[in-house]
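Architecture and fold: a report
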There are 2 protein chains.
Amino acid sequence: MQKKAVILANGSFPTHEIPLNELKSSKYIVCCDGAINKLDDAGFEPYSIVGDLDSLNPEMKWKYRDIIHHFANQDTNDLTKAINWCLENNFSEVVIVGATGQRDDHMIGNVFLLPGFAKKIKVKMLTSYGCFTPILRSKNFDSYTRQQVSIFSPNSETLISTANLRYALTEQKLEMMYQGTLNESMGDSFRIEFDGGPLIIYQEY
Amino acid sequence: MQKKAVILANGSFPTHEIPLNELKSSKYIVCCDGAINKLDDAGFEPYSIVGDLDSLNPEMKWKYRDIIHHFANQDTNDLTKAINWCLENNFSEVVIVGATGQRDDHMIGNVFLLPGFAKKIKVKMLTSYGCFTPILRSKNFDSYTRQQVSIFSPNSETLISTANLRYALTEQKLEMMYQGTLNESMGDSFRIEFDGGPLIIYQEY
């Protein structure tokens with residue numbers, strides 16, 4: 001069975017309709033423990049709550065006692081704990097929402113965790129402005145004309161080529177993290193090819 | 001003469017008192033052109049307006065005609081244009097505000113531009129939650145007990161050591177961008193030493 005979870009992370013609760021609709025339509029909301037008050041206030045029902053439980057108040061601990069999963073490992077952050085829980089529970093796909101809009105260092109850290117997650121499970125992150133997709137191999141993306149696109153290459157040696165983006169790359173490295181930003185789709189799809197990797201692709205909504 | 005400019009970037013207008021106070025106390029607000037409406041609405045007077053002027057309406061073009069500086073180069077973003085203008089006009093230090101809170105790819109791109117700027121001018125970026133400081137050599141930082149600190153190492157080969165941070169590094173590489181996040185100061189200062197670099201240090205307010 002193909003099961004898709006929506007993970008609510010510890011950043012700002014989603015306001016954009018795209019991540020919000022993911023929450024609304026999901027039977028499997030996996031909530032990082034620091035986000036449970038926000039989820040509860042918004043009237044959503046979690047499927048499970050994952051974390052070290054440091055940030056859970058007694059009322060929430062009682063209300064959700066049957067679906068709380070405690071991971072004490074201090075070496076991984078809450079988002080990683082939630083992903084690991086999804087892996088252990090046979091989910092094949094996760095959509096991460098609520099991971100941005102608070103501490104900027106967490107946001108950057110979370111984005112660069114995505115390729116590691118992608119090695120284990122199909123994953124993307126929806127923010128208030130767009131979607132981050134980690135890719136381990138060349139891929140076609142659905143798009144629209146003038147969609148803003150950025151490419152992040154954590155491994156600066158990766159050779160990247162693009163098709164149907166305004167500023168075409170041809171077996172080029174992105175040695176600086178900002179060099180792949182500010183690109184634009186020229187139609188209803190584009191393609192990213194590369195040797196090495198991984199890459200993280202950002203598409204504005 | 002030591003002159004400090006405050007650059008207002010094209011993200012969300014600052015709401016936190018720390019970046020807001022920088023704007024209030026500055027005689028030299030250098031405004032990226034996409035941010036002039038927000039600055040004007042907030043009742044601040046720009047010292048100069050820098051950009052490709054694509055996003056400036058006729059009213060603003062007229063009102064500020066004497067302090068508008070047009071840079072057409074499409075290969076640099078607005079923040080880079082503003083930094084270059086400050087360099088040409090003999091500023092020795094810049095504080096960047098308003099660079100976050102909108103498109104997430106721009107935010108990441110801007111943070112990773114900081115080390116390049118630091119080679120030319122003293123620079124830091126103030127967000128709604130903390131301060132990013134790029135460093136080219138080992139440095140002591142003022143801090144407070146339990147201040148949240150993250151270290152980003154764009155060059156994954158850099159060997160890093162820390163003093164007075166909870167999770168000490170000793171000649172360690174941060175091969176993944178998230179590995180240096182979630183650290184914490186143990187007192188009123190801490191030290192970051194490294195070979196290679198640059199690094200970007202984030203301190204929560």
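In this text the structure is predicted, and so the values were computed from the model without any measurement.

The next thing to look at is the overall build of chain A. A tally of helices and strands in chain A yields five helices and 13 strands. Rg of the C-alpha trace for chain A: 18 Å, near the compact-globule value of 17 Å for 205 residues, within the 12% margin. If you line up chain A on its principal axes, its C-alpha atoms span 55 × 35 × 30 Å. The buried share of chain A, taken over its 205 residues, is 53%. Considering only intrachain contacts with a sequence separation of at least 6, the fraction spanning at least 24 residues in chain A is 61%. As presented, chain A carries roughly 9400 Å² of accessible surface, and 45% of it is formed by carbon and sulfur atoms.

All right, on to the domain arrangement of chain A then. Residues and elements named next belong to chain A. Domain annotation of chain A identifies domain 1 (4-129) and domain 2 (136-204). Using only C-alpha atoms to locate each centre, domain 1 and domain 2 end up separated by 27 Å. Tallying the contact residues gives seven residues for domain 1 and seven residues for domain 2. For the pair domain 1 and domain 2, the summed buried area comes to about 620 Å², and 83% of that belongs to carbon and sulfur atoms. Among the residues domain 1 hides against domain 2, the three largest losses belong to Phe-112, Pro-115 and Tyr-129. Together they make up 66% of the total. Applying the counting rule to domain 1 against domain 2 returns zero salt bridges. For the side of domain 1 that touches domain 2, a count of residues per class yields five nonpolar, one polar and one charged.

This part covers the UniProt feature "domain: Thiamin pyrophosphokinase-like substrate-binding" (unreviewed entry) in chain A. As recorded in UniProt, the sites labelled "domain: Thiamin pyrophosphokinase-like substrate-binding" (unreviewed entry) are residues 130-200 of chain A. Annotated as residues 130-200 of chain A, this span is 0% helix and 44% strand, and its ends, taken at the C-alpha atoms, are 13 Å apart.

This paragraph deals with the sheet that holds strand E4 (residues 68-70) of chain A. Backbone hydrogen bonds hold the strands of a sheet together, and the pairing may be parallel or antiparallel. All names here are of chain A. Spatially, the ten strands line up as an open sheet ordered E4-E3-E2-E1-E5-E6-E7-E13-E9-E11, and their pairing is mixed. The sheet terminates laterally at E4 and strand E11 (183-184), the two strands that pair on one side only. Where strand E2 (residues 29-32) meets strand E3 (residues 48-51), three bridges bridge the pair, whose relative direction is parallel. Considered in E3, the bridge of Val-30 is made with Ser-48. Contacts between helix H1 (residues 17-25) and the sheet are confined to strand E1 (4-8), E2, strand E5 (93-97) and strand E6 (122-126), with E1 contributing the most and set at about 120° to the helix.

Let us now look at the interface of chain A and chain B. Listed as interface residues are 27 residues of chain A and, on the opposing side, 27 residues of chain B. Counting the surface lost from both chain A and chain B, the interface buries some 2400 Å², and carbon and sulfur atoms represent 69% of this. It is Arg103(A), Asp104(A) and Ile108(A) in chain A that bury the most area against chain B; as a group they hold 25% of the surface buried on that side. At the junction of chain A and chain B, the tally comes to two salt bridges. Residue Glu204(B) pairs with Arg103(A) through a salt bridge whose shortest N-O separation is 3.8 Å. Counting the contacts that link chain A with chain B gives eight residue pairs in polar contact (both at pLDDT 80 or more). The element that contributes the greatest number of residues to the side of chain A that touches chain B is helix H5 (residues 104-118) of chain A, accounting for nine residues. Its residues placed into classes, the side of chain A that touches chain B shows twelve nonpolar, eleven polar and four charged.

Here we take up the packing of aromatic side chains. One pass over the structure, following the stated rule, counts 19 aromatic pairs over all chains. Ring geometry for Tyr28(A) and Phe91(A): centres 5.2 Å apart, planes at 75°, overall edge-to-face. Here Tyr28(A) is found in the loop between H1 and E2, whereas its partner Phe91(A) is found in the loop between helix H4 (78-88) and E5, with 63 residues between them in sequence. In this arrangement the basic side chain of Lys3(B) is found over the ring face of Phe91(B), its NZ or CZ atom lying 4.3 Å from the centre.

We now examine the pairing of strand E5 (residues 93-97) of chain B. Residue and element names in this part refer to chain B. Of all five residues making up E5, five are buried, and the element is well covered by its neighbours. Burial along E5 is two-sided: the face carrying Glu-93, Val-95 and Val-97 and the face carrying Val-94 and Ile-96 are both buried. Sheet analysis places strand E1 (residues 4-8) next to E5, joined by five bridges and oriented parallel. Residue pairing across strands places Ile-7 opposite Ile-96, the latter belonging to E5.

Conventions and cut-offs
Residues numbered from 1 in each chain as written. Chains lettered and ligands numbered in written order. Predicted model: local features only at pLDDT ≥ 70, side-chain atom pairs only at ≥ 80, totals over all residues. Heavy atoms only, no water. Helix = DSSP H or I, 4+ residues; strand = E, 2+ residues; numbered from the N terminus. Rg over C-alpha atoms; globule rule 2.2 N^0.38 Å. Buried < 20%, exposed > 50% of the residue type's maximum accessible area, 1.4 Å probe, protein only. Contact = heavy atoms within 4.5 Å. Areas by Shrake-Rupley, 256 points an atom, 1.4 Å probe, with all protein chains shown as cover. Domains from an automatic or database assignment. Buried area = accessible area lost by both parts, 1.4 Å probe. Salt bridge = Lys/Arg side-chain N within 4 Å of Asp/Glu carboxyl O. Nonpolar A, V, L, I, M, F, W, Y, C, P; charged D, E, K, R; others polar. UniProt positions renumbered as here; feature names shortened; annotations may be inferred. Pairing = 2+ DSSP bridges. Axes fitted to C-alpha atoms, helices over the stretch in contact; angles between N-to-C directions. Polar contact = N/O pair within 3.5 Å; in protein donor to acceptor, adjacent residues only side chain to side chain. Phe/Tyr/Trp six-rings, centres within 6.5 Å; stacked < 30°, edge-to-face > 60°. Lys NZ or Arg CZ within 6 Å of the ring centre and 35° of its normal.

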